[in-house]
Amino acid sequence: MGLLSIIRKQKAKDAEVRVLTLGLDNSGKTTIVKKMLGEDTQAISPTMGFQINTMTHAGYTLNIWDIGGQTTLRGFWGNYFDKTNVVVWVVDCMSVERLHESYTELREKVILEDRLVGVYLVVVINKIDLWQGDLEALQQRVVEVLDLDNLVEPEKWTVALASGITGEGLDEMLDWVVQRDY
Ligand SMILES: Nc1nc2c(ncn2[C@@H]2O[C@H](COP(=O)(O)OP(=O)(O)OP(=O)(O)O)[C@@H](O)[C@H]2O)c(=O)[nH]1
Ligand SMILES: [Mg+2]
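It should be emphasised that the depicted structure is a prediction, and the values quoted were computed from it without experimental measurement.

1. Concerning the pattern of salt bridges
Okay, so step 1: Across all of its chains, the model carries nine salt bridges by this definition.
Okay, so step 2: Between Glu105 and Arg74 there is a salt bridge; the shortest N-O distance is 2.8 Å. Here Glu105 is found in helix α3 (residues 99–111), whereas its partner Arg74 is found in the loop between β3 (60–67) and β4 (86–92), with 31 residues between them in sequence. The exposure classification of Glu105 matches that of Arg74, with both residues buried.

Spelled out as structure tokens, the structure:
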């Protein structure tokens, strides 16, 4: 590792990474955030506004903004965009019929947003504890319908298969987040 990249890494460690969790209502954003914080994931109600949570992962401080995804609240997402480093876009794998709606909202409210240019994107395919089929096929389908190969530069996005209930996939997702250059 060169000196510059060591300095850059150190700077990143000192800084806080701002993560915005977005996605359709009921996709599991709050459940995922609570699970990452080690909190109870039972009896979570729809988020009516937003909640800020702070956690550390591998020495990095993450400020995680959990925003409500109901249709009536999506117009307010823009209030939270400033200084965002990472958007975590949550998709419910059991609501395949809503995948297209998810694509439209991702494209219009996130990708085409000037203030989010250059931000990293993690698409979390959530609720895989309930998925009975082939995970690879599921992932391929989500990547295809969300048109990720065309919407986002290759080094700027990733997909995570995860469950907010069992917690699987979440650690790997956080590893990816803290390993980016900020
Ligand atoms: N089985 C299973 N259920 C989940 C999972 N994640 C969330 N849920 C359930 O899905 C429902 C919605 O979860 P929330 O975390 O409230 O979803 P949200 O995306 O925060 O919803 P909004 O705040 O309305 O945008 C709840 O009943 C959760 O228990 C998961 O990984 N597996
Ligand atoms: Mg919520």
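2. Things to note about the site of ligand 1
Okay, so step 1: Neighbouring ligand 1 are 20 residues; Lys29, Thr31, Thr47, Gly69 and Asp129 lie closest to it.
Okay, so step 2: Contact distances for ligand 1 include 2.8 Å between an oxygen atom and a backbone N or O atom of Gly164.
Okay, so step 3: The greatest single-element share of the shell around ligand 1, amounting to three residues, is contributed by helix α2 (residues 29–36).

3. Here we look at a nonpolar patch on the surface
Okay, so step 1: Together, Leu3, Ile6 and Ile7 make up a nonpolar patch on the protein surface, roughly 290 Å² of accessible area in all.
Okay, so step 2: Tracing the backbone through its elements, the reader meets Ile7 in helix α1 (residues 3–14).
Okay, so step 3: Since its relative accessible area comes to 42%, Ile7 is described here as partly exposed.

4. Some points on the sheet that holds strand β5 (residues 120–126)
Sheet strands pair by backbone hydrogen bonding; their relative direction is either parallel or antiparallel.
Okay, so step 1: The strand order across the open sheet built from six strands is β2-β3-β1-β4-β5-β6, with neighbouring strands paired in mixed fashion. Each edge of the sheet is formed by a strand with only one pairing partner; in this case those strands are β2 (50–57) and β6 (157–161). Across the sheet, the axes of successive neighbouring strands diverge by a mean angle of 25°, strand direction being ignored.
Okay, so step 2: For β4 and β5, the ladder comprises seven bridges, and the chain directions are parallel. Bridging from a neighbouring strand, Trp89 pairs with Val123 of β5.
Okay, so step 3: Those strands touched by α2 are β1 (16–23), β2, β3, β4 and β5, and its axis lies near 155° from that of β3.
Okay, so step 4: Where α3 meets the sheet, it contacts β1, β4 and β5, and its direction lies at approximately 165° from that of β4.

5. Observations regarding the pairing of β3
Okay, so step 1: Summarising burial for β3: seven of the eight residues are buried, a large majority.
Okay, so step 2: Note that β1 and β3 share six bridges and pair parallel. Bridge assignment links Thr21 to a residue of β3, and that residue is Asp66.
Okay, so step 3: Between β2 and β3, which pair antiparallel one after the other, the connecting turn spans two residues, and Ala58 there sits at a positive phi close to 50°.

6. Structural notes on α3
Okay, so step 1: Those residues of α3 lying buried are Leu99, Ser102, Tyr103, Glu105, Leu106 and Val110.
Okay, so step 2: Here the buried face of α3 lies against β1, β4, β5, α4 (135–145) and α5 (148–151).

7. What to know about α2
Okay, so step 1: Most of α2 sits inside the fold, with seven of its eight residues counted as buried.
Okay, so step 2: All of the buried residues along α2 are Lys29, Thr30, Thr31, Ile32, Val33, Lys34 and Met36.
Okay, so step 3: Tucked inside the fold, the buried residues of α2 contact β1, β2, β3, β4, β5 and α6 (170–178).
Okay, so step 4: Positive phi shows up at Gly38, right after α2, with a value of about 75°.

Calculation rules
- Residues numbered from 1 in each chain as written.
- Chains lettered and ligands numbered in written order.
- Predicted model: local features only at pLDDT ≥ 70, side-chain atom pairs only at ≥ 80, totals over all residues.
- Heavy atoms only, no water.
- Salt bridge = Lys/Arg side-chain N within 4 Å of Asp/Glu carboxyl O.
- Helix = DSSP H or I, 4+ residues; strand = E, 2+ residues; numbered from the N terminus.
- Buried < 20%, exposed > 50% of the residue type's maximum accessible area, 1.4 Å probe, protein only.
- Near = heavy atom within 4 Å.
- Polar contact = N/O pair within 3.5 Å; in protein donor to acceptor, adjacent residues only side chain to side chain.
- Patch = residues over 30% accessible without salt bridge, like charges linked within 9 Å, V, L, I, M, F, W, Y side chains within 5 Å.
- Areas by Shrake-Rupley, 256 points an atom, 1.4 Å probe, with all protein chains shown as cover.
- Pairing = 2+ DSSP bridges.
- Axes fitted to C-alpha atoms, helices over the stretch in contact; angles between N-to-C directions.
- Contact = heavy atoms within 4.5 Å.

Purely geometric numbers; function is a separate question.
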